[in-house]
Amino acid sequence: MPIWKTEINTQILTARNVNTMSDHLGIEFVEVGDNFLTARMPVDQRTHQPMGIMHGGASCVLAETVGSIAANFCVEAGYYCVGLDINTNHIRSVREGFVLGKATPYHLGKSTQVWSIEIKDDQDRLVSVNRLTMAVLKSRA
């Protein structure tokens, strides 16, 4: 049973993220499943830290992007989600190529959501594990 409350596909997600941080970093949405969302991000000069490896903050941006976008497609009309907390454990460094972030929900509640986002490299090796907690808020309009 799909978790999505509104129409979702990679074209909608791409259009929604024009002129945002994720657009600037080259994050692309690549797959929408019944209970997950996947995006990829290049590891290049935009996402490197001075040692020539992917910046830990870039991992957090990818995790928060894919988890937050997924969360907002899992609420009824008249509600939206914002981040409350993100926790990231960095496991492996990456120097080049792409990383893939896959968000799946632990909990989809009325007031909070909790998401797992695993980031892997081009060889399907785990780069980081992330837990994102979202607040579900009622729109004011």
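Refer to the structure above for everything that follows.
Residues numbered from 1 in each chain as written. Predicted model: local features only at pLDDT ≥ 70, side-chain atom pairs only at ≥ 80, totals over all residues. Heavy atoms only, no water.

Colleague: How should I be thinking about the overall build of the protein in this particular structure?
Modeller: Across its full length, the protein holds 3 helices and 6 strands. From first element to last, N terminus to C terminus, the protein shows the α and β order α-α-β-β-α-β-β-β-β. The globule rule puts the C-alpha radius of gyration for 141 residues at 14 Å, and the 15 Å found for the protein is close to it. Overall, the protein is about 45 × 30 × 25 Å in size when its C-alpha atoms are taken along their principal axes. Per-residue burial over the protein gives 42% buried out of 141 residues. Taking all contacts inside the protein whose residues are at least 6 apart in sequence as the whole, residues at least 24 apart take part in 62%. (Helix = DSSP H or I, 4+ residues; strand = E, 2+ residues; numbered from the N terminus. Rg over C-alpha atoms; globule rule 2.2 N^0.38 Å. Buried < 20%, exposed > 50% of the residue type's maximum accessible area, 1.4 Å probe, protein only. Contact = heavy atoms within 4.5 Å.)

Colleague: Could you clarify how one ought to interpret the environment of Thr10 in this entry?
Modeller: By the element assignment, Thr10 lies in helix α1 (residues 10–16). Sequence-wise, Thr10 and Pro50 are 40 residues apart; in three dimensions their C-alpha atoms are separated by 32 Å. In contact with Thr10, not counting residues within four places along its chain, are Phe29, Val30, Glu31 and Val32.

Colleague: Please clarify how unusual backbone geometry should be interpreted in this entry.
Modeller: Trans peptide bonds make up the majority, and among non-glycine residues the majority have a negative phi. Even without glycine at this site, Asn19 takes up a positive phi of about 60°. The topology assignment puts Asn19 in the loop between α1 and α2 (21–24). Although it is not a glycine, Asp124 adopts a positive phi angle of roughly 65°. With respect to the element layout, Asp124 can be found in the loop between β5 (112–120) and β6 (126–138). Judged by relative accessible area, which is 55%, Asp124 ranks as exposed.

Colleague: Just checking my understanding: could you explain a nonpolar patch on the surface for this structure?
Modeller: Taken together, the side chains of Tyr80, Val82 and Leu137 present a nonpolar region at the surface, about 210 Å² in accessible area. The topology assignment puts Val82 in strand β3 (residues 79–90). (Patch = residues over 30% accessible without salt bridge, like charges linked within 9 Å, V, L, I, M, F, W, Y side chains within 5 Å. Areas by Shrake-Rupley, 256 points an atom, 1.4 Å probe, with all protein chains shown as cover. Salt bridge = Lys/Arg side-chain N within 4 Å of Asp/Glu carboxyl O.)

Colleague: Please explain the packing of aromatic side chains as it appears in this structure.
Modeller: One pass over the structure, following the stated rule, counts 0 aromatic pairs. Its guanidinium or amino end placed over the ring of Phe98, Arg40 lies 3.7 Å from that ring's centre, counting from NZ or CZ. For Lys102, the ring lying beneath its charged end belongs to Phe36, and the centroid distance is 4.4 Å. (Phe/Tyr/Trp six-rings, centres within 6.5 Å; stacked < 30°, edge-to-face > 60°. Lys NZ or Arg CZ within 6 Å of the ring centre and 35° of its normal.)

Colleague: When you look at helix α3 (residues 56–72) in this model, what are you seeing that I'm missing?
Modeller: Given 3.6 residues per turn, any residue in an α-helix points the same way as the ones three and four places further on. Along its 17 residues, α3 runs 24 Å from first to last C-alpha, staying within 8% of the 24 Å computed at 1.5 Å per residue. Most of α3 sits inside the fold, with 13 of its 17 residues counted as buried. (Expected span 1.5 Å × (residues − 1).)

Colleague: Before we go on, may I ask you to explain the nonpolar core in this structure?
Modeller: For soluble globular proteins, the rule of thumb is that nonpolar side chains tend to be buried together. Trp4, Leu37, Met41, Val99, Trp115 and Ile117 are the most contacted members of the largest nonpolar core, which totals 34 residues. Those elements that place two or more of their residues in this core are β2 (37–43), α3, β4 (97–108), β5 and β6. If you tally residues by element for this core, the top one is α3, at 8 residues. Met41 has contacts with Leu25, Gly26, Ile27, Thr47, Met54, Ala58, Ser59, Leu62, Gly97, Phe98 and Val99, leaving out every residue within four places of it along the chain. (Core = buried A, V, L, I, M, F, W, Y, C linked by side-chain atoms within 4.5 Å.)

Function cannot be inferred from these measures alone, as they are strictly geometric.
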